[in-house]
Amino acid sequence: MDPFADTLQRLREAFSSGRTRPAEFRAAQLNGLSRFLRENKQLLQEALAQDLHKSAFEAEVSEISISQNEINLALRNLRAWMKDEKVSKNLATQLDSAFIRKEPFGLVLILSPWNYPLNLSLGPLVGALAAGNCVVLKPSEISKTTEKVLAEVLPRYLDQSCFAVVLGGPQETGRLLEHKFDYIFFTGNSQVGKIVMTAAAKHLTPVTLELGGKNPCYVDDNCDPQTVANRVAFFRCFNAGQTCVAPDYVLCSPEMQARLVPALQSAITRFYGDDPQSSPNLGRIISEKHFQRLRGLLSCGRVVIGGQSDESDLYIAPTVLVDLQETEPVMQEEIFGPILPIVNVRSLGQAIDFINRREKPLALYVFSTSSQVVKRVLAQTSSGGFCGNDGFMHLTLASLPFGGVGSSGMGSYHGKFSFDTFSHHRACLLRPAGLEKIYAIRYPPHTPRNLRV
Ligand code: NAD
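What you are looking at is a predicted structure, and each value in this text was computed from that prediction instead of being measured. (Residues numbered from 1 in each chain as written. Predicted model: local features only at pLDDT ≥ 70, side-chain atom pairs only at ≥ 80, totals over all residues.)

Student: What am I meant to see in the nonpolar core here?
Tutor: If you look at the biggest cluster of nonpolar residues, it comprises 123 residues, and the most contacted ones within it are V108, V135 and V219. No other element matches the seven residues that helix α5 (residues 119–130) contributes to this core. Mapping this core onto the domain boundaries places at least three of its residues in each of domain 1 (4–211 + 411–424) and domain 2 (216–403). For V219, the residues in contact, after removing those within four places along its chain, are V228, V250, C252, M256, L260 and F367. (Core = buried A, V, L, I, M, F, W, Y, C linked by C-beta atoms within 7 Å. Buried ≥ 20, exposed ≤ 12 C-beta atoms within 10 Å, placed from the backbone. Helix = DSSP H or I, 4+ residues; strand = E, 2+ residues; numbered from the N terminus. Domains from an automatic or database assignment. Contact = placed C-beta atoms within 7 Å.)

Student: Can you help me understand the domain arrangement of the protein chain in this one?
Tutor: Note: interface size is frequently given as the accessible area lost on complex formation between the parts. One can read the domain layout of the protein chain as domain 1 (4–211 + 411–424) and domain 2 (216–403). Opposite the 21 residues of domain 1 that make contact, domain 2 presents 16 residues. Looking at the side of domain 1 that touches domain 2, the elements with two or more residues in it are α3 (41–52), α4 (56–82) and α14 (415–421). With five residues, α4 is the largest single contributor of residues to the side of domain 1 that touches domain 2. Grouping the constituent residues of the side of domain 1 that touches domain 2 by class yields six nonpolar, ten polar and five charged. (Nonpolar A, V, L, I, M, F, W, Y, C, P; charged D, E, K, R; others polar.)

Student: Mind showing me how you'd approach the site of the ligand here?
Tutor: Not every one of the 28 residues close to the ligand is listed here, only the nearest: P113, T173, G188, G212 and C244. Elements with a contribution of two residues or more to the shell around the ligand: α7 (170–176) and α8 (190–202). Per-element accounting of the shell around the ligand gives the leading share, three residues, to α7. Counted by class, the shell around the ligand contains twelve nonpolar, twelve polar and four charged residues. Formed jointly, the shell around the ligand draws a minimum of three residues from each of two domains, domain 1 (4–211 + 411–424) and domain 2 (216–403). (Near = placed C-beta within 6 Å.)

Shown next, in the form of structure tokens:
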């Protein structure tokens, strides 16, 4: 018995009927999403607090208002984005009409993770609905309370003949992926990304893969250590470090490290108090499994800040590690927790080599008062996104594409990029039915005269 067959059949029929295509229908779905956020704000805040001990501030800025902004932008621009895009023509097509039509793919699958369980479900959903698709959303089974709200409340705000939430973990998702979709949008880790892409390949289904990795953060000697420490500690500890674009490790000279460590301690104490475990502003690790993994990483190198953990509360203290070997696990795997290793380099060139010897990251950060240094790192490395002198602020701009490169992912979204991601760009040329005398020049038999054209 296939648990998904009926739902998928229903959505396919709805797409074939053409009802998702008109702008009015798309706008109605986006307005539904907007009402869902407004009318269930408290429920959502409670769910995020339950799942991740997310503070009201973090829930607001990184889950609710960021999703609301995407909806508002799509609603404001929907008709403009849907318009055919006229393109330039060559001599042979002067009398024709040439344009790109953005058409929906059809049935889209969105697989989302647990770390921003609302935003990373609704963000892609906005693009998929704005582009006129039918959508199956499979939220993460790990963020259980938010999953329940998405499954039980969200569908009431959307046309249920065109939208469905399905539930399940790896096994059920494996079965879901046996079905043919017209587009798959996956956010999660790189290993699962390979499973998704392999399943998609069986049907030649296009994919966007929003994956993770280790994001380097180079700190130049000329920086003010306290400014850097404030910014790095804030973005490392946001959502208890469980952010795909968090600065994963710092690269700096031993001299800068000596100035940075006390500044990081000062920032962490100011943000979370002397006992960060009692702070309402610090999140918790999502699960026992991730807690154990992170606790294992605390034994790498030497702890200079934090290092405490409490299994009963899934608490890991904001921690800074130094004296590390490149081969230690904390420098091999994506950390995804409030742990910051500092690795020493002797020069900017050595930092760039260190970055380029590894997989291309999702984000890269450089702190320097010299624009030459920032520009050199930008020119000599590659990453999904880049931010000079701050953490992941680049992703707050809907005018920038958000996505990875290499092992950190493929494809991008946010703002109009989302609409374009979920639209097939159809190449169209409309030629007059007549004027055959003009076009007859291309037919054989070919003579030296028509070769001169
Ligand atoms: P995950 O890959 O474990 O899970 C993501 C989704 O895939 C979930 O819906 C899950 O149910 C499903 N899934 C898990 N295992 C599966 C399997 N074997 N077969 C089929 N489906 C499976 O990811 P996660 O642990 O929820 O999230 C953390 C990871 O996601 C990190 O690596 C992080 O960097 C990455 N991430 C990336 C972005 C981005 O935008 N690039 C954003 C957030 C998280």
